[in-house]
Amino acid sequence: MWADVSERRGSQESHGSRRPYAPGMSTPETSRFVRIRVELVLEVDDEEAVTGAALQSLADDAELSDAERADSERAVTEDTAEALAHLVDPFDLVGAVPGVELRQASWSSEQIDYDPDSPEWDLDEDDGGENDPEDEEMTVG
């Protein structure tokens, strides 16, 4: 069980200081938001299957205008990475998680040269201080 922040240690706010620890920020508001960074490397064994699934998804999307649909169909047909970007939806990753609501998401895809033995692809390596030591990473495969 988690200990109450106000027990013996904690922020200035938990000790009753009238001065906010971080001016302009309230602890309850900022602590509700969590950023999860995920990087995936996928191996495409069947480009036609990926493209076909993306085209079917576009055909089933009633909210797209004809112009948007035509642009998207062209993009997913010309580039498998675009087809994957169309199919992979961050909401699908967290949609069934109770107690959370996706507030913002961005993602992109690109074709890359991948060598799993290269130090460049070492997921355990710190990427220049961007990640917190508390970040968790999982390697699949």
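Residues numbered from 1 in each chain as written. Predicted model: local features only at pLDDT ≥ 70, side-chain atom pairs only at ≥ 80, totals over all residues. Heavy atoms only, no water.

A. Structural context of the packing of helix α3 (residues 66–78) against helix α4 (residues 80–87). One way to put it is that α3 packs onto α4 with a least axis distance of 5 Å and a crossing angle of 125°. The angle between α3 and α4 falls in the class oblique. Every residue of α4 that contacts α3 at Ala75, Val76 and Glu78 is listed here: Thr80, Glu82, Ala83 and His86. Partitioning the contact of α3 with α4 into residue classes produces three nonpolar, two polar and two charged. (Axes fitted to C-alpha atoms, helices over the stretch in contact; angles between N-to-C directions. Helix = DSSP H or I, 4+ residues; strand = E, 2+ residues; numbered from the N terminus. Parallel < 35°, antiparallel > 145°, perpendicular 65-115°, else oblique. Contact = heavy atoms within 4.5 Å. Nonpolar A, V, L, I, M, F, W, Y, C, P; charged D, E, K, R; others polar.)

B. Quick look at the nonpolar core. Judged by nonpolar contacts, Val50, Ala54, Leu58, Leu64, Val76, Ala83 and Leu84 together constitute the single largest core of seven residues. Those elements giving two or more residues to this core turn out to be α2 (47–60) and α4. Among the elements that make up this core, the one with the highest residue count is α2 (three residues). Here leucine 58 is in contact with Leu64, Arg69, Ser72, Glu73, Val76 and His86, once residues within four sequence places are set aside. (Core = buried A, V, L, I, M, F, W, Y, C linked by side-chain atoms within 4.5 Å. Buried < 20%, exposed > 50% of the residue type's maximum accessible area, 1.4 Å probe, protein only.)

C. Spotlight on a negative patch on the surface. Side chains of Glu43, Asp45, Asp46, Glu47 and Glu48 sit close together on the surface and give a patch of like negative charge. Tracing the sequence through the fold places glutamate 43 in the loop between α1 (27–31) and α2. Overall, glutamate 43 belongs to the exposed group, its relative accessible area being 70%. (Patch = residues over 30% accessible without salt bridge, like charges linked within 9 Å, V, L, I, M, F, W, Y side chains within 5 Å. Areas by Shrake-Rupley, 256 points an atom, 1.4 Å probe, with all protein chains shown as cover. Salt bridge = Lys/Arg side-chain N within 4 Å of Asp/Glu carboxyl O. Lys, Arg positive; Asp, Glu negative; His and termini not counted. Charge placed at Lys NZ, Arg CZ, Asp CG, Glu CD.)

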